[in-house]
Amino acid sequence: MSFESSAIVRRLSNWHAAFLNICTNITQLALPQQCLLCTAPAMARPLCADCYARLPWLTATRCPQCARPTGDGRVCGACLAKPPRFDGVTAAFAYAWPLAPLIHQYKYAGNLALAQLLAQALNERLAGGVDLIIPMPLAPARLRERGFNQALEIARVVSRLTGVPLAANACRRVRDSVPQAALPWKERAKNIRGVFVCDADLNGMRVAVIDDVMTTGATLNELARNLRKAGAAGIQGWMVARTL
Ligand SMILES: [Zn+2]
Ligand SMILES: [Zn+2]
């Protein structure tokens, strides 16, 4: 196929995708949607207002640095013993039922309508004070099998809602690692070491890293190490959910 004809095919397939997108939007407007959790009418959103309010919002006092619940809201023992390279974490939810299956449906069944909902929930908890949003980069193999980076889709919406610019390609994941969930906590830092490259100039910038779920914080810590090397002056984690 010549370059020109392949460009035409590409343009046609762009048109095709845009057309399908418009059809989907019209269908969503015309038909009341059912809530994913209780099947009540949910208008154009994936959840009804009741189920949204009953999600496991993280309300307990937390460590300001890693968002682990603490009795008094002061920096937790783990952060005092080994200070992380990030300055703070904001998380909207505890990674618990029924949020965990919703995030699963978003990531593995590609229900992208949930990106909007999860980003809106996160945005309700944000205090601002950053110059740039960076999505947690996804391993190349994961990106190939999933077709999208779940952190990037949430980051796009948060960027729109907050007006903070998005730097989608500031950092890359240069190699795959064993999925962190498959490893004991102690081995996670070693497993993730050296997987990121950040080649943007972030000199003096306050950066927020967006991801869907934070577990031990080892991945965020390793990305923060690279962000500091690239000049970042402040690093926040903006996480939809935090495992407790
Ligand atoms: Zn519902
Ligand atoms: Zn902490």
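Just above sits the structure.
## Looking at unusual backbone geometry
Then, in step 1: Omega for the peptide link from Trp97 to Pro98 comes to 0 degrees, which places this bond in the cis form.
Then, in step 2: With respect to the element layout, Pro98 can be found in the loop between strand S1 (88-94) and helix H4 (99-108).
Then, in step 3: Of note, the phi angle at Thr39 is positive, near 65 degrees, even though the residue is not glycine.
Then, in step 4: The residue Thr39 is located in the loop between helix H1 (3-30) and helix H2 (49-53) in this model.
Then, in step 5: Residue Ala67 is not a glycine yet carries a positive backbone phi of 70 degrees.

## So, the coordination of the zinc ion (ligand 2)
Then, in step 1: Note on the zinc ion (ligand 2): its protein donors are Cys63 (SG), Cys66 (SG), Cys76 (SG) and Cys79 (SG). The metal-donor distances range over 2.3 Å.
Then, in step 2: Metal-centred angles of 104 to 115 degrees between the four donor atoms at the zinc ion (ligand 2) mark the site as tetrahedral.
Then, in step 3: Binding-site remark: the zinc ion (ligand 2) is held by donors from one chain whose sequence spacing is C-x2-C-x9-C-x2-C.
Then, in step 4: In this structure Cys79 comes out as buried when scored by relative accessible area, which is 5%.

## Some points on the packing of aromatic side chains
Then, in step 1: Across all of its chains, the model carries three aromatic pairs by this definition.
Then, in step 2: Taken together, a centroid distance of 4.5 Å and an interplanar angle of 50 degrees make the contact between Trp57 and Phe93 tilted. Of the two residues, Trp57 is situated in the loop between H2 and helix H3 (77-81) and Phe93 in strand S1; the sequence distance between them amounts to 36 residues. You'll find Trp57 and Phe93 in the same group, each marked buried.
Then, in step 3: Every member of this aromatic cluster is reached through a ring pair, and the members are Tyr52, Trp57 and Phe93.
Then, in step 4: Taking the ring centre of Tyr52 as reference, the NZ or CZ of Arg45 above it sits at 5.0 Å.

Here is what the cut-offs are and how they apply
Along each chain, the written sequence defines residue order, and numbers are assigned to residues from 1. Throughout, the order in which chains and ligands are written sets their labels, letters from A for the former and numbers from 1 for the latter. Selection of residues for local features in this predicted model requires a pLDDT of at least 70, selection of side-chain atom pairs for listing and counting requires 80 or more, and totals for whole chains, interfaces and linings are taken over all residues. Just so you know, side-chain values use all the structure's heavy atoms and leave hydrogens and water out. Think of it this way: any DSSP run of H or I at least four residues long counts as a helix, any run of E at least two long counts as a strand, and we number them from the N terminus. A donor here means any N, O or S atom no more than 2.8 Å from the metal (3.2 Å for Na, K and Ca); water is not included, so a site may seem to lack partners. Just to be clear on the cut-offs, tetrahedral is four donors with all angles between 85 and 135 degrees, square planar is four donors and octahedral six with opposite donors over 155 degrees apart and all others between 65 and 115, and anything else goes down as irregular. When a residue's accessible area, from a 1.4 Å probe over protein chains only, is under 20% of the maximum for its type it is buried; when over 50% it is exposed; and in between it is partly exposed. Ring pairs are drawn from Phe, Tyr and Trp, using the six-membered ring of Trp, whenever the two centres fall within 6.5 Å, and their geometry is named by plane angle: stacked under 30 degrees, edge-to-face over 60, tilted for the rest. By definition, being over a ring means that NZ of Lys or CZ of Arg is both within 6 Å of the ring centre and within 35 degrees of the ring normal.

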